[in-house]
Amino acid sequence: MSLENIFTLPSEYNDLRDSLRSLSENEIAPFAREVDEDHRYPQEAHDALVKSGLFAAHVPSEFGGDGADALATCIIIEEVARVCGASSLIPAVNKLGSLPLILGGSKEQKERWLRPLAQGKGFSYCLSESESGSDAASLKTKAERKGDSWVINGSKKWISNAGVSEFYTVIAQTDPSLGSRGITAFIVEKSDPGVSFGAPEKKMGFRGSPTREVYFDNVTIGDDRRISEVGKGFALAMDTLDHTRITIAAQALGLAQGALDAAKKYSHERKQFGKEIFDFQGVQFMLADMAIAVETARQITYAAAAKSERGDKDLKFFSAASKTYATDVAMKVTTDAVQVLGGYGYVSDYPVERMMRDAKLTQIYEGTNQIQRIVIARNLP
Ligand code: COS
């Protein structure tokens, strides 16, 4: 037996991290505060990611993407989140929106929507509704078969990057009498007649990423837009989340790492009682606990990503566990980073209060951490 390369990333992942680190610091970080304060989409990050082929790096190379595996995609999201949470939602949402197509679509359908995605046309995921959040199978948006077409009516809520994205995976009820077995997945385009968007939500964090309702008013599409078997859309939506909840773990990990880095730097700059505050054991213990938590979150997130790529049997457990653990870590570490910076942590001159506000959402979206614990309990090792 050899331990060579066990618990050590192969060098290509470290190289990817290095290039993302410099892209994020040079082209994304300078706008992070502004997009948060102005509640505006991070177009600079969008353009930088498209230019470097990382807008939707998970798209297989046969469809014009980078063919990044699940771990590489996590590292991309983590590194962008380390400087700007809202920008990291670009690659994360693009994977979430398009994974049902990758898992369930035909070759022609993939050709049709993945290629433009890789080139910069975003892809959002429409599952939640105003009355259907944790109980996802209770969704009411209807798709009715009319001859060769489907007619969609209803609305979806909390849709990340709505209005910016060109394409939308819509999970709709096709036979209400069948419950979760009467749900089907479709692709709707922004330009389809009958599609419209609500006003952007006024959010605590992730303010650079627009969250809006999406309305469907007699949106009539062909059967070539259906990407699941009729009645298999709920299983496809859940299968998707088993893979993408790991990207939220990666995003949380990036936020936590960014906050830890800022707190460590500040602790050496700030002097009180005649010395750096780093020299006080009270601060050292906080930084040590933050670093333990971040590194532990990284290990489970990367392990989960490898399981996603391989389709391991224990993916459901690892996916939900990594999401729960890393997002709870992000909340604690970003809050502690604010504490280390004191008054300076509480104002927007430093990024840690923004990271703390962003971290809160990671415990809520793609399934609350309470729902994750249900999934974990149902899939105990
Ligand atoms: N992969 C594939 N199929 C799955 C699945 C998964 N991970 N989870 C459930 N299914 C299937 C089940 O096999 C079952 O199919 P059959 O009826 O054919 O046996 C069906 O879906 C219903 O499953 P279940 O009864 O477990 O569904 P529940 O209504 O109890 O819901 C939870 C399960 C709570 C886990 C689900 O509703 C959920 O994840 N909720 C949170 C939603 C969410 O994350 N929202 C965030 C919005 S996306 S940003």
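Residues numbered from 1 in each chain as written. Predicted model: local features only at pLDDT ≥ 70, side-chain atom pairs only at ≥ 80, totals over all residues. Heavy atoms only, no water.

- If you look the protein up in an unreviewed UniProt entry, it shows as Butyryl-CoA dehydrogenase from Candidatus Planktophila sulfonica.
- Among the UniProt annotations of the protein, the heading Cofactor (unreviewed entry) holds the following wording: "FAD".
- Its UniProt record gives the protein a comment under Sequence similarities (unreviewed entry), which states: "Belongs to the acyl-CoA dehydrogenase family." (UniProt positions renumbered as here; feature names shortened; annotations may be inferred.)

1. Remarks on the UniProt feature "domain: Acyl-CoA dehydrogenase/oxidase N-terminal" (unreviewed entry) in the protein
So, point 1. Here the UniProt-annotated "domain: Acyl-CoA dehydrogenase/oxidase N-terminal" (unreviewed entry) positions come out as residues 12–121.
So, point 2. Taken end to end, residues 12–121 comprises 74% helix and 0% strand; its first and last C-alpha atoms sit 27 Å apart. (Helix = DSSP H or I, 4+ residues; strand = E, 2+ residues; numbered from the N terminus.)

2. Considerations on the packing of aromatic side chains
So, point 1. In total, this model carries 9 aromatic pairs according to the counting rule given.
So, point 2. Pairing F273 with F280 gives two aromatic rings, centres 6.0 Å apart and planes at 75 degrees, and the pair type is edge-to-face.
So, point 3. The class for F280 is partly exposed, based on a relative accessible area of 28%.
So, point 4. Cation over ring: K157 sits above W158, and NZ or CZ is 4.7 Å from the ring centre.
So, point 5. Positioned above the aromatic ring of F318 is the side chain of K307, whose terminal nitrogen or guanidinium carbon lies 4.5 Å from the ring centre. (Phe/Tyr/Trp six-rings, centres within 6.5 Å; stacked < 30°, edge-to-face > 60°. Buried < 20%, exposed > 50% of the residue type's maximum accessible area, 1.4 Å probe, protein only. Lys NZ or Arg CZ within 6 Å of the ring centre and 35° of its normal.)

3. So, the domain arrangement of the protein
So, point 1. Here the domain parsing of the protein yields domain 1 (11–118), domain 2 (123–234) and domain 3 (236–378).
So, point 2. Here domain 2 and domain 3 have C-alpha centroids that lie 30 Å from each other.
So, point 3. Opposite the 15 residues of domain 2 that make contact, domain 3 presents 15 residues.
So, point 4. Contact between domain 2 and domain 3 buries roughly 1,100 Å² in total, counting both sides, with carbon and sulfur atoms accounting for 68%.
So, point 5. For the pair domain 2 and domain 3, the interface holds 0 salt bridges. (Domains from an automatic or database assignment. Contact = heavy atoms within 4.5 Å. Buried area = accessible area lost by both parts, 1.4 Å probe. Salt bridge = Lys/Arg side-chain N within 4 Å of Asp/Glu carboxyl O.)

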